[in-house]
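A closer look at the structure
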Amino acid sequence: MEKDNRNKRSKLNIVIPSLLLVVVIAVAGMGTATNWNVNVQRMEQSMTEQVENHVLTLHDELERQFAVLNGYGASFTKGDISNRATMLANVARCAENTEFSMICFAYSNGDLYRNDGVGTNVKERFYYQQAMQGKSVIQVIDDSPIDAESRVGMAVPIMIDGEVQGVLLGLYDTEKFQEIFEEAFSDISYLAYICDSNGKYVIGTKKAVSIMEGHSPGITQGGGFMDILEEAEFSVNNKAQIAQQMKAGVSGRAVYEYRGEKRHTTFLPLGLNDWYIVAVLQENQIYAQAMGTAQTSYQLLALLVISVLGIFAYLMFRERRIAINEKKKREEIKYLFEHDDLTGILNEKSFQNEVKKRLPEIGLGEYCLVFLDIYKFKLFNDMFGYAKCDELLCA
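Residues numbered from 1 in each chain as written. Predicted model: local features only at pLDDT ≥ 70, side-chain atom pairs only at ≥ 80, totals over all residues. Heavy atoms only, no water.

Before going further, it helps to examine the pattern of salt bridges. Two side chains carrying opposite charge are able to pair once their charged atoms lie near each other. Counted according to the given criterion, the structure contains nine salt bridges. As a salt-bridge pair, Arg 64 and Glu 99 come within 3.9 Å of each other at their nearest N and O atoms. Of this pair, Arg 64 sits in helix 1 (residues 2–75) while Glu 99 sits in the loop between helix 3 (84–96) and strand 1 (102–107), and the two are 35 residues apart along the sequence. In this structure Arg 64 comes out as partly exposed when scored by relative accessible area, which is 40%. (Salt bridge = Lys/Arg side-chain N within 4 Å of Asp/Glu carboxyl O. Helix = DSSP H or I, 4+ residues; strand = E, 2+ residues; numbered from the N terminus. Buried < 20%, exposed > 50% of the residue type's maximum accessible area, 1.4 Å probe, protein only.)

This next bit is on the packing of aromatic side chains. For the structure shown, the criterion picks out eleven aromatic pairs. Ring plane angle 35° and centroid distance 4.7 Å describe the contact between Phe 181 and Phe 185, whose orientation is recorded as tilted. By relative accessible area, Phe 185 is classed as buried at 1%. Their ring planes at 40° and their centres at 6.0 Å tell us that Tyr 193 and Tyr 201 sit as a pair that is tilted. Judged by its relative accessible area of 3%, Tyr 193 falls in the buried class. Given a relative accessible area of 13%, Tyr 201 falls into the buried group. (Phe/Tyr/Trp six-rings, centres within 6.5 Å; stacked < 30°, edge-to-face > 60°.)

Following the sequence through the fold, His 339 ends up in the loop between helix 9 (283–338) and helix 10 (348–362). Overall, His 339 belongs to the buried group, its relative accessible area being 16%. His 339 has contacts with Gly 344, Ile 345, Leu 346 and Asn 347, leaving out every residue within four places of it along the chain. (Contact = heavy atoms within 4.5 Å.)

Moving on, we get to unusual backbone geometry. Backbone geometry at Asp 161 places phi at a positive 55°, although glycine is not the residue there. Topologically, Asp 161 is positioned in the loop between strand 5 (151–160) and strand 6 (163–173). If you check the backbone angles, Arg 259 has positive phi at about 50° while not being a glycine. Inspection of the secondary structure puts Arg 259 in the loop between strand 10 (252–258) and strand 11 (261–269).

To continue, consider the sheet that holds strand 6. The strand order 3-2-1-6-5-4 describes an open sheet built from six strands, whose pairing is antiparallel. Both outer strands of the open sheet, strand 3 (119–121) and strand 4 (137–141), are each paired with one neighbouring strand and no more. With strand direction ignored, the average angle separating the axes of adjacent strands in the sheet is 25°. Strand direction decides the pairing type here: strand 1 and strand 6, joined by six bridges, are antiparallel. Bridge pairing links Met 102 to Leu 171 in strand 6. Those strands touched by helix 3 are strand 1, strand 2 (111–114), strand 5 and strand 6, and its axis lies near 150° from that of strand 1. Packing of helix 5 (residues 174–184) onto the sheet brings it into contact with strand 4, strand 5 and strand 6, and relative to strand 6 it is tilted by some 85°. (Pairing = 2+ DSSP bridges. Axes fitted to C-alpha atoms, helices over the stretch in contact; angles between N-to-C directions.)

This is the structure we're talking about:
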């Protein structure tokens, strides 16, 4: 019975750690498999939150620039408007005190003058028409007035006595507006750029421009977001849905593969015009972060495996110690059962068993059995005491 229990315990000491090791490896494997999806979801959520914050930052900065232009526009009088020299002086002062590379003003007939006096007519321009309707407008002006350079323009109406008397136009060089955009999106690890609701590229961070020009030539030169989506293979959303969302002025996300690279993209409206901020998280960025997380998971797995093996080794060591102790205990019990407590020699029963075992070995040979008895040993006990007599028997 005791042997059966010992065998059962030994099996459990092997089976339980083995099952525990299998469970640990299986859980770790499942964790590694799900880690990728969790990482993607976490990074997409983080990217969306960051983009929302950066969009607000950029929105606030542009609103501040609109406020500057509106402030200057509100300071003009009808007398100022009627005197071109005065207006040129005013816009020259504006140009000196703002971040705009150039400031122009336009009359209600469309005649526009730069702060240095050079003029042209912009009556057919969209930004002028919108501003004359009392709206503030920001847009890329591919052939800006006067010098035909591509610039980002911010146009506001000049309001006097509640009526639009003209338009004030602030122009950014492309490099300067890119600096503003770069500053708003300075701490991001993903690609970010601006496009309009038709997907046409406006401007991007230097990192985005560098990667797009190297990976997608032409996108930054008249192309755009929709050109990328035209070639893409989608996992989430599709080009038609994205185009519809952007036309409706709502935010969204898309997952697609473009020229062998999987991308996770978020797009949010800027809220000032039809511009969108497009943020792109590349698969290699997710992979890099996932591998960092996986490395920690692998280290934890190694620690768990070592712990399980340590438990296994401890159980085996304990089982061996138990077996040794039980054997020693059995031997001690057997010794006590077969020997005299005082002298340590075989007791009568064990002596008889030993004789029975050895007689067949002797066969027909001679042997001698000596029996000793100490006559009246009780007298010695009475005279010298039991302790001394016990010593005598053991001597």
